[in-house]
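If you want the building blocks of each chain, they are given just below.
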Amino acid sequence: MKGAAEPNAQILRGARFREAKQVVWLLASLLLALLCLLVIIWVSPGVSAVTNASNPDSAKANMPVLDYSKFSHSSPREHADLMGRENCVSCHRRSDASTEPRFPLHKDCTGCHLVQFTAANSSSSVNPICTVCHKPEGLNSPNAPLKTFPRLISFAAEFDHAQHLKGIESARPGKGCAACHVPANRGVAETIPARLNAHRVCYECHSPGQAASKTSSCGSCHRLGGYSPTSMGSRAYRVGFSHADHGLRERLTCDRCHDVRRRGLPQARQVSSIAPVQHLSNSRAQNCIACHNGQRAFGESANFTDCNRCHKGPGFRMGE
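This write-up is about the structure you can find in this document. Fair warning: this is a prediction, and the values are worked out from it, not measured in the lab. (Residues numbered from 1 in each chain as written. Predicted model: local features only at pLDDT ≥ 70, side-chain atom pairs only at ≥ 80, totals over all residues. Heavy atoms only, no water.)

1. A few points about empty space enclosed by the protein
Applying the stated criterion across every chain, the model contains one cavity of 30 Å³ or more. Roughly 40 Å³ of volume is contained in the largest cavity. In this structure, the largest cavity is lined by M83, R85, C88, F155, H222, R223 and L224. Tallying contributions element by element places strand β4 (residues 222-224) first for the lining of the largest cavity, with three residues. Partitioned by chemical class, the residues of the lining of the largest cavity number four nonpolar, one polar and two charged. (1 Å grid on protein atoms, 1.4 Å probe; cavity = no way out; pocket = protein on both sides within 12 Å on 5 of 7 lines; lining within 4 Å. Points joined across faces, edges and corners; volume = space filled by probe spheres on them. Helix = DSSP H or I, 4+ residues; strand = E, 2+ residues; numbered from the N terminus. Nonpolar A, V, L, I, M, F, W, Y, C, P; charged D, E, K, R; others polar.)

2. Observations regarding the side chain of N127
Following the sequence through the fold, N127 ends up in the loop between α4 (106-118) and β1 (155-157). Within the structure, N127 has its side chain in polar contact with the backbone oxygen of F117 (distance 3.2 Å). (Polar contact = N/O pair within 3.5 Å; in protein donor to acceptor, adjacent residues only side chain to side chain.)

3. Brief notes about the nonpolar core
By size, the foremost hydrophobic cluster in this structure holds five residues: V126, I129, C130, L139 and A144. Discounting residues that sit within four places of it in the chain, C130 has contacts with F117 and L139. (Core = buried A, V, L, I, M, F, W, Y, C linked by side-chain atoms within 4.5 Å. Buried < 20%, exposed > 50% of the residue type's maximum accessible area, 1.4 Å probe, protein only. Contact = heavy atoms within 4.5 Å.)

4. A short note on unusual backbone geometry
The phi angle at N185 is positive, at roughly 55°, despite the residue not being glycine. When you line up the elements, N185 lands in the loop between β2 (183-184) and β3 (189-190). A relative accessible area of 53% places N185 in the exposed class. For R186, which is not glycine, the phi dihedral falls at a positive 60°. Position of R186 relative to the elements: it lies in the loop between β2 and β3.

Written as structure tokens, this is what we have:
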């Protein structure tokens, strides 16, 4: 019996060994298949790139279709990369004879868009990229008519009063505030430079050969963003007040009523307004009553209880 049992045990051990061997091979095969799948996933982008490189038509088919009939400073990425303040001259040049910046010339555009300018366009008789600046009508004439462009609103304008009035000597206008602000509305108001008039005012100093010629590029004042000029509709103009009556003849200067605050403040907070303190006597701030006290101004017989002495605007109502 013992001799018969030994062959049976050997047969059983052999069967178990073969089963274990099959399990090992199965696990190895599954692991190998998994590794192959991971390799395919990892290298597929590179394979796709090589395929597109060797097959330009396939690459073009996968590229997004760009609209070359419209222009944006911020897109595509290549345009956005040119928006550094020192790069404006890549496309725009200043005209010494005009306050209006020149539009780019053809050579400024063809430097990057030669393909778009010269490519055949079977779908239309008008090249889309040309219509960025020109009207479609008469496009093939020697003097293709330019389009009428709306006011540019995608650029901010930066100006710092403290930098110009309290900064280095070369940055200070010789006439002070009067270099930029001149009487308006029959002397009642003072102008606030805006749009092309601002260019004219700034170019008096920020031009080649002038005191501030080092900061005469577009990027010295402009960056991408929105801009809203300061309004001349100040509260001071809704009362019986005139800048013309508060000038050198009365031995008054701008800083008698306005403080230029520190550098780096937002546009609306750079210069103080007298309105919040005009009725109160305050030794630390400028105010109207310092002069309009019945002695220096209005005379001793002035009636300071009559609000309409100063408040003459149609929108004024007692109690406001």
